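Each chain, letter by letter, is given below.
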Amino acid sequence: MATERTLSIIKPDAVAKNAIGEIYSRFEKAGLKIVAAKMQQLSREKAEGFYAEHKERPFFGDLVGFMTSGPVMVQVLEGEGAIAKNRELMGATNPKEAEPGTIRADFAESIDANAVHGSDAPASAEREIAYFFGNDELCPR
Ligand code: RTP
Ligand code: MG
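The structure displayed is predicted, hence computed values, not measured ones.

What counts and how
Residues numbered from 1 in each chain as written. Chains lettered and ligands numbered in written order. Predicted model: local features only at pLDDT ≥ 70, side-chain atom pairs only at ≥ 80, totals over all residues. Heavy atoms only, no water. Near = heavy atom within 4 Å. Polar contact = N/O pair within 3.5 Å; in protein donor to acceptor, adjacent residues only side chain to side chain. Areas by Shrake-Rupley, 256 points an atom, 1.4 Å probe, with all protein chains shown as cover. 1 Å grid on protein atoms, 1.4 Å probe; cavity = no way out; pocket = protein on both sides within 12 Å on 5 of 7 lines; lining within 4 Å. Sits in = over half its atoms within 2 Å of the grid points. Helix = DSSP H or I, 4+ residues; strand = E, 2+ residues; numbered from the N terminus. Points joined across faces, edges and corners; volume = space filled by probe spheres on them. Nonpolar A, V, L, I, M, F, W, Y, C, P; charged D, E, K, R; others polar. Buried < 20%, exposed > 50% of the residue type's maximum accessible area, 1.4 Å probe, protein only. Pairing = 2+ DSSP bridges. Axes fitted to C-alpha atoms, helices over the stretch in contact; angles between N-to-C directions. Contact = heavy atoms within 4.5 Å.

**Considering the site of ligand 1**
The full set close to ligand 1 counts 14 residues, and Lys11, Tyr51, Thr93, Ile111 and His117 are the nearest of them. Between Lys11 and ligand 1, the recorded distance is 2.8 Å, taken from a side-chain N or O atom to an oxygen atom. Considered on its own, ligand 1 offers 560 Å² of accessible surface; in the complex 80% of this is hidden by protein. Placement of ligand 1 is best described as lying within the largest pocket. Put simply, the parts of the chain that give the shell around ligand 1 at least two residues each are helix H5 (82–90) and strand S4 (116–118).

Structural data, given as C-alpha cells:
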C-alpha cells in the first residue's frame, strides 16, 4: 500500500473536552505521522466551503453551526494507507454505530458533535489538504 496523506480535523466538541493529546496519541500509535497542524476558529464561509458537497442536505445548517462553535485542530496525517487507516481509527459517523475503541465511540456525543473529520478518498484528501495548508506549511515528503 502506498504512503498517503489525509486531512484530519479535531472538531469543537473534542477540542473543548481537552482531547487533542489523546487523539494525537492514537494517530501516532497507529503509525500515522503528523506532518502539518494548526488550530483555527472557522468562519462561516470557511466551514461552508469545506462541507460544500453537503450544501443541499437537511443537516447542513446544523453542521456549519457546530463546526464554527469553537476552535478546531486541523492536521495532515501521513502513512501507509493513511486515508483508510484514519477512517478506521475514527469509527462510524454516528457514534452509536461506532466500533468500541474508536475515537468516535470514545469521544463523540452525537452524529453532529462527532469529535473528528477525516478525508474519505484520495481526491478529497488532496482537495481538503489544499483547503487548509499551503505548500510551505507542509513538511516535505
Ligand atoms: P466527516 O466528513 O465530518 O469526516 O464525517 P463523515 O465522512 O463520517 O460523514 P459525512 O457523510 O461526510 O457527513 C459530514 C458530517 O455531517 C454530519 N451529518 N449529520 N444528521 C445527519 O444525518 C448527518 N449526517 C451527517 C456529521 O457530523 C458528519 O460528520
Ligand atoms: Mg465526510
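**Some remarks on the layout of surface pockets**
Considering only enclosed or pocket space, the largest pocket measures out at about 410 Å³ in volume. What lines the largest pocket is a set of 19 residues, among which Lys11, Tyr51, His54, Thr93 and Arg104 lie closest to the centre. Looking at the lining of the largest pocket, the elements with two or more residues in it are S4 and helix H7 (122–132). Residue classes in the lining of the largest pocket are distributed as five nonpolar, six polar and eight charged. Within this model, the second largest pocket holds a volume of roughly 190 Å³. Every residue along the wall of the second largest pocket is listed here: Glu4, Arg5, Pro122, Ala125, Glu126, Ile129, Ala130, Phe133, Gly134, Asn135, Leu138 and Arg141. Among the secondary structure elements, those contributing two or more residues to the lining of the second largest pocket are strand S1 (3–10) and H7. Ranked by residues supplied to the lining of the second largest pocket, first place goes to H7 with five residues. For the lining of the second largest pocket, the per-class residue count stands at six nonpolar, two polar and four charged.

**Describing the pairing of S1**
For S1, a buried count of six out of eight residues is recorded, marking the element as mostly surrounded by other parts of the structure. Inspection of the sheet shows S1 paired to S4 by three bridges, in the antiparallel sense. Each residue of the ladder has a partner; that of Ile9, found in S4, is His117.

**Brief notes about the sheet that holds strand S3 (residues 72–80)**
Spatial strand order, S2-S3-S1-S4: four strands in an open sheet with antiparallel pairing. Edge positions in the sheet fall to strand S2 (33–40) and S4, since each of these pairs with one other strand and no more. With direction set aside, neighbouring strand axes in the sheet form an average angle of 20°. Along the sheet face, H5 touches S1, S3 and S4 and points at about 35° away from the line of S1.

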